[in-house]
Amino acid sequence: MAERRLLVLFGSQTGTAQDTAERIGREAKRRHLQCRVEALDSCDVANLIHEPLVVFVCATTGQGDPPDNMKMFWRFLFRKNLPASSLCQLDYAVLGLGDSSYPKFNFVAKKLHKRLLQLGGNPLLPVALGDDQHDLGPDAVVDPWLVALWEKILALYPLPPGLEIISPNVCLPPKYTLRYLPEDSPHPDRDLLQPPAPRAAPCELHPFAARVVSNQRVTAPSHFQDVRLIEFDIAGSGITFSAGDVVMIQPQNCPEDVQQFCQLLCLEPHRRLVLEPTEPGTSLPPLLPQPCTIQYLVTHYLDISCVPRRSFFELLAYFSTNELEREKLQEFSSAQGQEELYSYCNRPRRTTLEVMWDFPHTTCSIPADYLLDLIPRIRPRAFSIASSMLVHPERMQILVAVVQYKTRLSKPRRGLCSTWLASLNPEQGDVWVPLWVKKGGMKFPADPATPVIMIGPGTGVAPFRAAIQERVALGRRGNCLFFGCRHKSKDFYCQTEWEELVTKGLLTLFTAFSRDQEEKVYVQHRIRENRRLVWELLSSANAHVYLAG
């Protein structure tokens, strides 16, 4: 009998595609298939020729781009020299997750499906195109597609004699077990956050712990929005960057949330543990040191402030000893309950920790072994770099608007990363932030004679500050900036810097302060007023236009 083996590969930017891939992995286990779930860039693409059955789950980012964790796979797959019959032994299916409000809706999934066909692959089903814009979200497409997928797979690989599909009422074993270490076992003293100096350029698996040099509020104390200019010391990191590049920052949960979480689940924060995979071949989470404390796991790894997904409620229902709570959890995880789940969770941006407060009987029954199945890891956040190495060598600056807004919940919603960054005070002792740099989507002209028109309202001005610093340092003129904010006296970021450059004739600046007069004035009004200059730069000088917001 053919080996019943399935590989599920995902390309995920925000975690939705990974969550769906893991759901497929669980459903495969219920059908007694050997199943691995991996990010596309973690798998050796050359081994695809030995795989009989693969399901690809991929998101589309930006303007039809593949997610970061499938970029190497993408480059390899589109190599011109791959033979047309490379994948003739492969049965496959492609599930795309996208948003139809973007012009390149599910572009990556469509292109992947087409390329696998070109290489001789045999599609089990037409490509599925999940849509965020649908009333029920991507599940409206995913749910029926999966029913059809399992029919196809079980026709090719029937259940072995004597085995039944494991009922949805049975909870599958956790991915890892948490083994607590004895209280008196020796433990290293080094600070877990400060990794040894990396050998290569820092990356997601080996971030650089950068010291915070300064954390300065750049909006007036009376202004509603708290915006910070934060500077990091990157000396000795091997990091290099140019204008338009992006810094990725790995945030952490606030101590109050960590304490509440541990109390709710009756966890001892200082207990030390190691993770042990329940199945051979399962790799350990790469960003979690072994051993570590419960406190480290909750602070640096578990995303207790994210809005939980449907899969969270599905797993939580298994642990519920309270009938009322269990019924509600089952409703939230059913296809029919998705509108209600959206109103309860997504619309008010209710966090995982807050949901746990709402289901107290269930929460105190959660086995610690299931924590990593239940709660995703904290994802890194991206910020435009707002400085140039030519002006600030061995330093990096970012402009951060602290995210805070109201929903119908009484407590204001706060952005995890921006709130944490704003709380760091280098004047009270050294503070460190794990970070690495990614190439950005903005490329500034190589020709020194090409002028640039930059439109950057609010913190959208960050990459243009880096570009202007860089261009001025290289002696390049033709720098034109349209900047907009609410009030000249409250949120005119980097005002003195811009005014000095204007005085020296190195920058042409147009400002729009929307609330400083009766009529609201925005950057588009200033562009219209200066249309002759803009047209002159575009038509005669071949200017490049950049927009960030």
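The structure presented is a predicted model; accordingly, all values stated were derived computationally and were not measured. In this convention, every chain numbers its residues from 1, walking through the sequence in written order. This being a predicted model, a pLDDT of at least 70 is required before a residue's local features are given, and a value of 80 or more before pairs of side-chain atoms are given or counted; all residues contribute to the totals for chains, interfaces and linings. With hydrogens and water stripped out, all remaining heavy atoms of the structure feed into the side-chain values.

Participant: Explanation requested: the overall build of the chain in the structure shown.
Facilitator: Helix and strand assignments come from DSSP, with helices taken as H or I runs of at least 4 residues and strands as E runs of at least 2, each series counted from the N terminus. Helix and strand content of the chain: 17 helices and 21 strands. Note on method: radius of gyration uses C-alpha positions; expected globular size equals 2.2 Å times residues raised to 0.38. Taken over the C-alpha trace, the chain has a radius of gyration of 26 Å; the compact-globule value for 549 residues is 24 Å, and the two agree within 12%. If you line up the chain on its principal axes, its C-alpha atoms span 85 × 60 × 50 Å. The buried label applies to any residue whose accessible area, calculated with a 1.4 Å probe on protein chains only, is under 20% of its type's maximum; exposed applies above 50%, and partly exposed to all values in between. Here the chain holds 549 residues, and the buried ones make up 50% of them.

Participant: What is the right way to read a nonpolar patch on the surface from this model?
Facilitator: A contiguous nonpolar surface patch, about 260 Å² in accessible area, is contributed by Leu390, Val391 and Leu474. Among the structural elements, Leu390 can be located in the loop between β13 (381–384) and β14 (395–401). Patches here are clusters of residues that have more than 30% relative accessible area and form no salt bridge, with a 9 Å joining cutoff for like charges and a 5 Å cutoff for nonpolar side chains (Val, Leu, Ile, Met, Phe, Trp, Tyr). Accessible surface is estimated by sampling points in the Shrake-Rupley manner with a 1.4 Å probe; for residues, cover comes only from the protein chains shown. Counted as salt bridges are all cases of a side-chain nitrogen of Lys or Arg within 4 Å of a carboxyl oxygen of Asp or Glu.

Participant: So what exactly am I meant to see when it comes to the nonpolar core here?
Facilitator: Where a protein is soluble and globular, its nonpolar side chains tend to be buried together. Ranked by internal contacts, the top residues of the largest apolar core, which has 42 residues, are Phe261, Leu302, Phe313, Met356, Leu371 and Leu372. Broken down by element, this core gets its largest block of residues, six residues, from helix α7 (residues 310–319). The set of buried Ala, Val, Leu, Ile, Met, Phe, Trp, Tyr and Cys residues whose side-chain atoms join them within 4.5 Å is what this entry labels a nonpolar core. In terms of nonpolar packing, the next biggest core, distinct from the first, is built from 28 residues, Val461, Phe464, Cys485 and Leu507 among them.

Participant: Please explain the domain arrangement of the chain as it appears in this structure.
Facilitator: Accessible area lost during the coming together of the parts is what is often quoted as the interface size. Assigned domains within the chain: domain 1 (5–156), domain 2 (272–374) and domain 3 (452–547). For the domains described, the bounds stem from an automatic or database domain assignment. One C-alpha centre belongs to domain 2, the other to domain 3, and the line joining them spans 46 Å.

Participant: Just to check I follow, could you spell out the sheet that holds strand β18 (residues 452–455) for this structure?
Facilitator: The pairing of strands in a sheet comes from backbone hydrogen bonds and takes either a parallel or an antiparallel form. By the convention used here, strands pair only if DSSP detects at least 2 bridges between them. With parallel pairing, four strands are arranged side by side in an open sheet as β20-β19-β18-β21. Unpaired on one side and paired on the other, β20 (508–513) and β21 (544–547) mark the two borders of the sheet. The sheet shows a mean angle of 10 degrees between the axes of neighbouring strands, taken without regard to direction. Note: β18 against β21, four bridges, orientation parallel. Among the inter-strand pairings, Val452 is bridged to a residue of β21, identified as His544. Lying on the sheet, helix α17 (residues 531–539) is in contact with β18, β19 (479–485), β20 and β21; it crosses β18 at an angle near 135 degrees. Comment: axis = line fitted to C-alpha atoms, over the contacting stretch for helices; angle = value between 0 and 180 degrees taken between N-to-C directions. The contact criterion used throughout is that any non-hydrogen atoms of two residues lie within 4.5 Å.

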